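Breakdown of the fold
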Amino acid sequence: LIITGDVSFSGKHDEYKDALKWFSTFLEELWPGKDMRERILLVPGNHDINLRFSAEDHYDYSFDKKSLKKLSKTKVSKGQAIYAISPFKDFAYKLSGDLDWLPSDNNLCWQSEKFLHIGIRFFLLNSTSSINFENPNLPKIDEKSLENLSKSKRIEEEGYLFNIAISHHGPPDTKHSEVETYSNWDKIKSFFEIKNIDMLI
């Protein structure tokens, strides 16, 4: 089961509580009486980012004046942005049981070897890492994450492996210019070529 994001509307905890309840019912109907959480793969969408949390990186609170002050671009702290995706990470871990959702250093991009026994390797790609309070419509995949994935060891099974990348956003679409697409498509395309990606979902 592949979920490609926009589970919530604005990345709030209550929305994920409702989503978890809905998915629990759905999974019971899909796989009655079985715990099949390891078969769930998911990535965040732009609506899964809590933009209010990410705004913490752009403002400072003055206790003297009891007001917010906008920071200059050179002074923007990067410490709070991680909280913007935390509610989704918590939801994703509870839903799938996948430990890869717990670290913060993978930027929510990793390669899953869970389905090698059926000849499939999945690459989970977070296209929301650059989305924040000031840039709510700037999907891209972090280039450092792509670099790390490019260097990651490949476990090879006998025979051909089908490589599938999963991402909320996609490549530029000339027919539908209103659709949000990767802002760094050239880098992502190069990564797809290095890793022999056969399909993008």
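Residue positions within a chain follow its written sequence, with the count starting from 1. At least 70 in pLDDT is required for a residue's local features to be given in this predicted model, at least 80 for side-chain atom pairs to be given and counted, and no such filter applies to totals for whole chains, interfaces and linings, which use all residues. For side-chain calculations, the full set of non-hydrogen atoms in the structure is used, while hydrogens and water are omitted.

This part covers the side chain of Asn 46. Strands here are runs of E lasting at least two residues and helices are runs of H or I lasting at least four, both read from the DSSP assignment and numbered beginning at the N terminus. Within the secondary structure layout, Asn 46 lies in the loop between strand 2 (41–42) and helix 2 (51–54). Each residue's exposure class comes from its accessible area (1.4 Å probe, protein chains only) as a fraction of the maximum for that residue type: buried when under 20%, exposed when over 50%, partly exposed otherwise. Overall, Asn 46 belongs to the buried group, its relative accessible area being 16%. Polar contacts, as used here, are pairs of N or O atoms within 3.5 Å; protein pairs need one atom able to donate a hydrogen and one able to accept it. Residues neighboring in sequence count only if both atoms are side-chain atoms. Reaching out from Asn 46, the side chain makes a polar contact with the side chain of His 168 at a distance of 3.0 Å. Two residues qualify as a contact provided that any one of their heavy atoms is within 4.5 Å of a heavy atom in the partner residue. Here Asn 46 is in contact with Asp 6, Thr 128, Ile 131, His 168, His 169 and Glu 180, once residues within four sequence places are set aside.

At their nearest, the axes of helix 1 (residues 13–30) and helix 3 (residues 86–96) sit 10 Å apart, and the two run at 20° to each other. Accordingly, the angle class assigned to the pair helix 1 and helix 3 is roughly parallel. Crossing geometry of helix 1 relative to helix 3 is assigned as right-handed. Taken together, the residues of helix 3 that come into contact with helix 1 (itself represented by His 13, Tyr 16, Ala 19, Leu 20, Phe 23 and Leu 27) are Pro 87, Phe 88, Phe 91, Lys 94 and Leu 95. Ten residue types, Ala, Val, Leu, Ile, Met, Phe, Trp, Tyr, Cys and Pro, are classed as nonpolar, four, Asp, Glu, Lys and Arg, as charged, and the remainder, Gly among them, as polar. Classifying every residue of the contact of helix 1 with helix 3 gives nine nonpolar, one polar and one charged. For every element, the axis is a line fit to its C-alpha atoms; helices are fit only across the contacting stretch, and the angle between N-to-C directions ranges from 0 to 180 degrees. Here is the rule for angles: anything less than 35 degrees is roughly parallel, anything more than 145 is roughly antiparallel, 65 through 115 is roughly perpendicular, and the remaining ranges are oblique. If you view the pair so one helix is near and one far, a crossing is left-handed when the near helix is turned anticlockwise from the far one by less than a right angle, and right-handed when it is turned clockwise.

Before going further, it helps to examine a nonpolar patch on the surface. The patch calculation keeps residues exceeding 30% relative accessible area without a salt bridge and links them within 9 Å when they carry like charges or within 5 Å when they are nonpolar (Val, Leu, Ile, Met, Phe, Trp, Tyr). Throughout, the Shrake-Rupley method with a 1.4 Å probe supplies accessible areas, and for residues the shown protein chains are the sole cover considered. Any carboxyl oxygen of Asp or Glu within 4 Å of a side-chain nitrogen of Lys or Arg constitutes a salt bridge here. Together, Ile 2, Tyr 160, Phe 162, Met 199 and Ile 201 line one region of the surface with nonpolar side chains, adding up to about 440 Å² of accessible area. Here Ile 2 lies in strand 1 (residues 2–3).

This paragraph deals with the sheet that holds strand 5 (residues 110–112). Strands sit in the order 5-6-7-8 across an open sheet of four strands; the sheet is mixed. Either end of the sheet is taken by a strand with one partner, and the two such strands are strand 5 and strand 8 (199–200). Criterion used throughout: strands pair if DSSP finds at least two bridges between them. Across three bridges, the pairing between strand 5 and strand 6 (residues 120–124) is antiparallel. Residue pairing for strand 6: Ser 112 is matched across the bridge by Phe 122.

On to the side chain of Thr 128. Mapped onto the elements, Thr 128 comes out in the loop between strand 6 and helix 4 (143–151). For Thr 128, a relative accessible area of 2% puts it in the buried group. Ignoring sequence-local partners within four residues, the contact set of Thr 128 consists of Pro 44, Gly 45, Asn 46, Ile 49, Ile 85, Lys 140 and His 169.

A separate point is the pairing of strand 7 (residues 162–166). For strand 7, the buried fraction is high: four of the five residues fall into the buried class. Pairing of strand 6 with strand 7 involves five bridges; the strand directions are parallel. Following the sheet pairing, Ile 120 is matched in strand 7 by Phe 162. Relative to strand 8, strand 7 runs parallel, the two being bridged by two bridges. In the strand pairing of strand 8, Ile 164 is matched with Met 199.

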